Amino acid sequence: MRSVPHDLRILARGRDGRAVLALPGDDGRPVGIEHMDLDELPGRLAAVERAEHPRWVWSDARDHLPRLLAAGVTVERCHDLRLVHQILVHAASVPSDDRAALLAAAAWAVPIAEATAPEQEGAAALFDLEATGRPDQVPADLDETCAELSRQLRAIDGAQDPSRLRLLAAAESSGAIIACELRAAGIPWDVAEHERILVEHLGPRPSPGAAPARMAELAAEVREALGDPLLSLDSPPRLLRALHRAGIDVSSTSKWELEGIDHPAIAPLLAYKRLSRLLTANGWAWIGGWVRDGRYRPVYVPGGVVTGRWASSGGGALQIPRLLRPALRADPGWTLVSADVSQLEPRVLAAMSRDGEMARAGRGTDLYAGIVAAGVVATRQEAKVGVLGALYGGTSGDSGRIVPRLREVFPDAMRLVDRAAEIGEVGGTVSTWLGRSTPPADERWSAAQRAAHQVDATSTEQERARRSARDRGRFTRNFIVQGTAAEWALAWMALLRQELAAFEPVAPELAASGSGPLFSRRAHLAFFLHDEVIVHAPLSQAEAAAAAIRDAADQAGRLLFPGTEVDFPLDLAIRERAVKD
DNA sequence: GGTCTGGGCGCG
DNA sequence: AAAGCGCGCCCAGACC
């Protein structure tokens, strides 16, 4: 009834730590089985790659790829069974018995592993399994791999729109490769510049346990202004009590509540908080823990967020403060090509909903300016607040005032997100454009809704249930947009990676020092942040890399939304350092 | 000693 | 006052 795609090639774990290559047969059983030692694998795999350009089926990129990359070998395409399992097991478009079969294969649903800072790794362990944060849990032997592949192919083939799920599986799997490659290549990191920024803001590096000079000064000012000479600023409850004693009426110590209060303690306190954050999150300890040989090598976690966005594990790769962006710096003779998409999420919404009016507002560069130009609102700020309110479910304040206006002007777009919210509020499932679905509402949520519908429900129970229903509505409203934007970004990166891989290597004397065997002689992806990429490129390839980034964005739009009027303009810059403006 | 939770804040 | 989504990380405090 169904034939296995002919370009699949299986890489699995053999007995005694050996590797095994095979082809999936039409009956689901492996054929053409080859066993080999691990040190033979990169050479053999590279030969198959060159000759056949297969799609490699493996349990988990993290099982195999780090070792291959260290040996200078990578692959064009894969099918990552763990990631695709995670998608298919919830996908609403997959028939329920196929989903049940996947659910029964519970070992494929492994939790995200912790990252290990390089300082805790042996130097030789950098590319071992342990170092990639991957416990040995997924059943990766040949039979299990084939069985799971069969389940997944059946699930996709039986889905309402197999082509979308196939595209999603390919994009997600490509992300698995890219995440490993990003770690192997690393972010070129200028430690001297990072330290200069720390000293500029905090003062000289303090001895262990001591506070930096600037923080100590600010803390003294705060204690003086509050008349509390022994106060610790690092304990929110104590700080809150001290603020109350000083007559400052706040309900928390958070900065948005403190801002705007007129008291001599506030300015130094806010400054202290800012510095404290810099020190603890990205101070000298962070450099020592995460930067080695001029590279920051974060662990990216594709599919780590329910919506399909990537998460990161260790070092906070997706939360690097803007203040430290200048430390992201190209190697000598190289440059950074940085690009981010302007207003990705509203553009994705316009494309998904085929809202022509919204597509037209975005044509050119700035969607918010387009909304102003169309006469919908008076200022760019209002346009932005309104659109974010539409995407997030804002009801009060400025966004609550503006969203109804957007509902008149962009009826198709607003209907799509409003409908997603309605479905979520009653416990339903919504899906992204390519078919990633929300997990079912958890049992506590459903129990609260049931309780509120009993005849003897208290008003507290009813109010709590209404609130959690609205919470879930905002989640599902945002899910379809954030998740589809993540799909667009995956396609963008996958297409970009393909283009960069075709670049000619530069001369050996122009090689980057720390990017590893595969990436030191041609432009390569170095950083990814939801709607933003940075490519590290030899100077001679910078313009070509910029063109590739733009071309990949155009192609991604057409791939996901054939015939769409929506464009995806980029802010792009070629600079030595990744600073904005 | 360890683990867990919430506050707070960085990113999109 | 964070109004409105999704994260990770650090710290203090609570608890075992």
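What counts as what
- Residues numbered from 1 in each chain as written.
- Chains lettered and ligands numbered in written order.
- Predicted model: local features only at pLDDT ≥ 70, side-chain atom pairs only at ≥ 80, totals over all residues.
- Heavy atoms only, no water.
- Near = heavy atom within 4 Å.
- Polar contact = N/O pair within 3.5 Å; in protein donor to acceptor, adjacent residues only side chain to side chain.
- Helix = DSSP H or I, 4+ residues; strand = E, 2+ residues; numbered from the N terminus.
- Nonpolar A, V, L, I, M, F, W, Y, C, P; charged D, E, K, R; others polar.
- Domains from an automatic or database assignment.
- Axes fitted to C-alpha atoms, helices over the stretch in contact; angles between N-to-C directions.
- Parallel < 35°, antiparallel > 145°, perpendicular 65-115°, else oblique.
- Left-handed = near helix turned anticlockwise from the far one by under 90°.
- Contact = heavy atoms within 4.5 Å.
- 1 Å grid on protein atoms, 1.4 Å probe; cavity = no way out; pocket = protein on both sides within 12 Å on 5 of 7 lines; lining within 4 Å.
- Points joined across faces, edges and corners; volume = space filled by probe spheres on them.
- Buried < 20%, exposed > 50% of the residue type's maximum accessible area, 1.4 Å probe, protein only.
- UniProt positions renumbered as here; feature names shortened; annotations may be inferred.

All right, on to the protein's contact with DNA strand C then. Taken together, 28 residues sit near DNA strand C, with Ser235, Trp256, Gly314, Gln319 and Arg474 positioned nearest. Taking all atoms of DNA strand C within 4 Å of the protein, the share assigned to sugar and phosphate is 78%. Contact distances for DNA strand C include 2.6 Å between a sugar or linking oxygen and a side-chain N or O atom of tryptophan 256. Glutamine 319 places a polar side-chain atom, nitrogen or oxygen, 2.8 Å from a sugar or linking oxygen of DNA strand C.

Another point: the protein's contact with DNA strand B. Surveying the vicinity of DNA strand B reveals 17 residues, the closest of which are Thr253, Lys255, Gln319, Arg322 and Asp531. The contact atoms of DNA strand B, taken as those within 4 Å of the protein, divide so that sugar and phosphate hold 76%. Contact distances for DNA strand B include 3.1 Å between a base nitrogen and a side-chain N or O atom of arginine 309. Within the side chain of aspartate 531, an N or O atom sits 2.7 Å from a sugar or linking oxygen of DNA strand B. Going through the elements one at a time, helix 10 (255-258) and helix 11 (266-282) are the ones with two or more residues in the surface near DNA strand B. Of the residues belonging to the surface near DNA strand B, the class tally is 5 nonpolar, 6 polar and 6 charged.

A common way to report how large an interface is uses the accessible area buried once the components associate. Once the domains are mapped, chain A shows domain 1 (1-187), domain 2 (191-288) and domain 3 (344-485). Using only C-alpha atoms to locate each centre, domain 2 and domain 3 end up separated by 37 Å.

For the rest of this paragraph, the subject is the packing of helix 18 (residues 411-425) against helix 20 (residues 459-501). Orientation of helix 18 relative to helix 20, taken along the N-to-C sense of each, is 135°, at an axis distance of 7 Å. What the angle tells us is that helix 18 and helix 20 run oblique. For the crossing formed where helix 18 meets helix 20, the hand is right-handed. Touching Leu416, Val417, Asp418, Ala420, Ala421, Gly424 and Glu425 of helix 18 are Ala469, Arg470, Arg472, Gly473, Thr476, Arg477, Ile480 and Val481, all from helix 20. Of the residues in the contact of helix 18 with helix 20, the class split is 7 nonpolar, 3 polar and 5 charged.

The next thing to look at is the layout of surface pockets. Volume-wise, the largest pocket comes out at about 840 Å³. Taken together, 36 residues make up the lining of the largest pocket; nearest its centre are Val75, Glu76, Arg497, Gln498 and Ala501. Elements with a minimum of two residues in the lining of the largest pocket: helix 1 (41-52), strand 5 (77-80), helix 6 (162-185), helix 20, helix 21 (516-519) and strand 12 (524-528). Its residues assigned to classes, the lining of the largest pocket shows 21 nonpolar, 7 polar and 8 charged.

Here we come to the environment of serine 513. With respect to the helices, strands and loops of the structure, serine 513 is situated in the loop between helix 20 and helix 21. On the basis of relative accessibility, which here comes to 70%, the residue serine 513 falls in the exposed class. Taking the C-alpha atoms as reference points, serine 513 and serine 342, 171 residues apart in sequence, are found 33 Å from one another.

According to UniProt, the feature "domain: DNA-directed DNA polymerase family A palm" (unreviewed entry) maps to residues 321-541 in the numbering used here. Structurally, residues 321-541 is divided into 56% helix and 9% strand, and its ends, taken at the C-alpha atoms, are 28 Å apart.

Taken as a whole and assessed by the stated rule, the structure comprises 3 cavities of 30 Å³ or more. Empty space within the second largest cavity amounts to approximately 40 Å³. Together, Leu349, Met358, Val387, Ala390, Leu406, Phe410 and Met414 line the second largest cavity. Classifying every residue of the lining of the second largest cavity by side-chain character gives 7 nonpolar, no polar and no charged.

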